[in-house]
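Residues per chain are reported as follows:
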Amino acid sequence: IRRTGNKNALIFSLVFIILSCIALPLVDAFWFFKIWLSIVGVSFALAKISVFSIIKNNFKDRQLASAISSVDAAFMIGIFFVNIGFGSLLTSSYANYWKFGFWIIALLSIINVIMLKSLKIEEDKIIEPAMPGEWKFFFKPKILQLSSMNLTLKFKGSIENNIVQGKVGVESSSRKQEARLYSHS
């Protein structure tokens, strides 16, 4: 999301929803419902993260809580109306055509994509280089080589120290004393 931007991530998730909702009535197999549900779940998570990031970047502190509450309420209202819509479609005389209700969701998603394309959203586009301590820092080839050499040298050094001190295969006297103390208590 950070590289593509919140707006593009939101549009990407809506496009996946559009394609899967258009295909759902045409594919007459149960396995596609599983794929559709996973696409909707991933898209919902992506959309929610993007929307909350957009709110964080475009609202001031006082408006932030109100905007987040409004967005959460809108999500819940949308879910309510989709359930009512499908429930009324299933109990009507058009119950055989319930799958085509997904085309309405695709149409609403298309309207959202068109609205998002024309909307100017301020995005937080600070892409910082990988710093030591971040996980990306360790995946550069030079760092991997240095890290593996360092680990090898440390491991080899600790084994050599133990051999020189005579600790390999034999417990030290302090550990034997600790074991005796704990066994008596």
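Above this text is the structure in question.
Structure report, in brief. (Residues numbered from 1 in each chain as written. Predicted model: local features only at pLDDT ≥ 70, side-chain atom pairs only at ≥ 80, totals over all residues. Heavy atoms only, no water.)

## Topic: the layout of surface pockets
Move 1: Counted as a void, the largest pocket has a volume near 1,300 Å³.
Move 2: Lining the largest pocket are 36 residues; nearest its centre among them are Leu14, Phe75, Gly78, Ser109 and Asn112.
Move 3: Mapped onto the lining of the largest pocket, the elements with two or more residues apiece are α1 (6–23), α2 (30–58), α3 (61–90) and α4 (102–118).
Move 4: With 12 residues, the single largest contributor to the lining of the largest pocket is α3. (1 Å grid on protein atoms, 1.4 Å probe; cavity = no way out; pocket = protein on both sides within 12 Å on 5 of 7 lines; lining within 4 Å. Points joined across faces, edges and corners; volume = space filled by probe spheres on them. Helix = DSSP H or I, 4+ residues; strand = E, 2+ residues; numbered from the N terminus.)

## As for the packing of α2 against α3
Move 1: Packing of α2 against α3 leaves a shortest axis separation of 10 Å and a crossing angle of 155°. Here α2 is positioned roughly antiparallel relative to α3, judged by the angle of their axes. Where α2 crosses over α3, the two elements pack in a sense that is right-handed. Contacts between α2 and α3 involve Phe44, Lys48, Val51, Phe52, Ile55 and Lys56 on the former and, on the latter, Leu64, Ala67, Ile68, Val71, Asp72 and Phe75.
Move 2: Of the residues that constitute the contact of α2 with α3, the class distribution is 9 nonpolar, no polar and 3 charged. (Axes fitted to C-alpha atoms, helices over the stretch in contact; angles between N-to-C directions. Parallel < 35°, antiparallel > 145°, perpendicular 65-115°, else oblique. Left-handed = near helix turned anticlockwise from the far one by under 90°. Contact = heavy atoms within 4.5 Å. Nonpolar A, V, L, I, M, F, W, Y, C, P; charged D, E, K, R; others polar.)

## A few points about the packing of aromatic side chains
Move 1: All told, the structure shown has 11 aromatic pairs when counted by the stated rule.
Move 2: Between Phe12 and Phe16, the aromatic rings sit 4.8 Å apart at their centres with planes inclined by 80°, giving edge-to-face as the arrangement. Residue Phe12 and its partner Phe16 are both found in helix α1; the two are separated by 4 residues, about one turn of the helix.
Move 3: Phe12 sits in the partly exposed class, given a relative accessible area of 47%.
Move 4: Residues Phe30 and Phe33 carry aromatic rings whose centres are separated by 6.2 Å and whose planes lie at 40° to one another, so their mutual orientation is tilted. With Phe30 and Phe33 both in helix α2 and 3 residues apart, the pair spans about one turn of that helix.
Move 5: One aromatic cluster is present, formed by Phe30, Phe33, Trp36, Phe86, Trp98 and Phe102 through successive ring pairs. (Phe/Tyr/Trp six-rings, centres within 6.5 Å; stacked < 30°, edge-to-face > 60°. Buried < 20%, exposed > 50% of the residue type's maximum accessible area, 1.4 Å probe, protein only.)

## Let's talk about the side chain of Ser13
Move 1: You can see Ser13 is positioned in helix α1.
Move 2: Those residues in contact with Ser13, other than ones at most four positions away along the chain, are Ser43, Leu46 and Ala47.

## Looking at α4
Move 1: The end-to-end C-alpha distance of α4 is 25 Å, a good match for the 24 Å that 17 residues give at a rise of 1.5 Å each.
Move 2: Buried within α4 we find Phe102, Ile105, Ala106, Ser109, Val113 and Leu116. Projected down its long axis, α4 shows its buried positions confined to an angular sector of 100°, all on one face. In α4, those exposed residues whose orientation departs by more than 90 degrees from the buried face are Ile104, Leu108, Ile114, Met115 and Ser118. (Expected span 1.5 Å × (residues − 1). Arc of directions from axis to C-beta.)

## Comments concerning the nonpolar core
Move 1: In terms of nonpolar packing, the biggest core is built from 14 residues, with Leu10, Val51, Ile55, Val71, Val113 and Leu116 touching the most fellow members.
Move 2: Elements represented by at least two residues in this core include exactly α1, α2, α3 and α4.
Move 3: In this structure, Val113 is in contact with Ile11, Leu14 and Ile18, ignoring residues within four places of it in sequence.
Move 4: Grouped together as the second largest cluster of nonpolar side chains are 10 residues, Ile17, Phe32, Trp36 and Ile105 included. (Core = buried A, V, L, I, M, F, W, Y, C linked by side-chain atoms within 4.5 Å.)

## Regarding the pattern of salt bridges
When charged atoms on two side chains of opposite charge get close, those side chains can pair.
Move 1: What the rule picks out here adds up to 2 salt bridges.
Move 2: The closest approach of N and O atoms between Lys99 and Asp28, which form a salt bridge, is 2.8 Å. One end of the pair, Lys99, is in the loop between α3 and α4; the other, Asp28, is in the loop between α1 and α2, and 71 residues separate them in sequence.
Move 3: A salt bridge links Lys48 to Asp72, with the shortest nitrogen-to-oxygen separation between them at 3.4 Å. On the criterion of sequence distance, the pair formed by Lys48 in helix α2 and Asp72 in helix α3 is long-range, its members being 24 residues apart.
Move 4: Overall, the relative accessible area of 29% leaves Asp72 in the partly exposed class. (Salt bridge = Lys/Arg side-chain N within 4 Å of Asp/Glu carboxyl O.)

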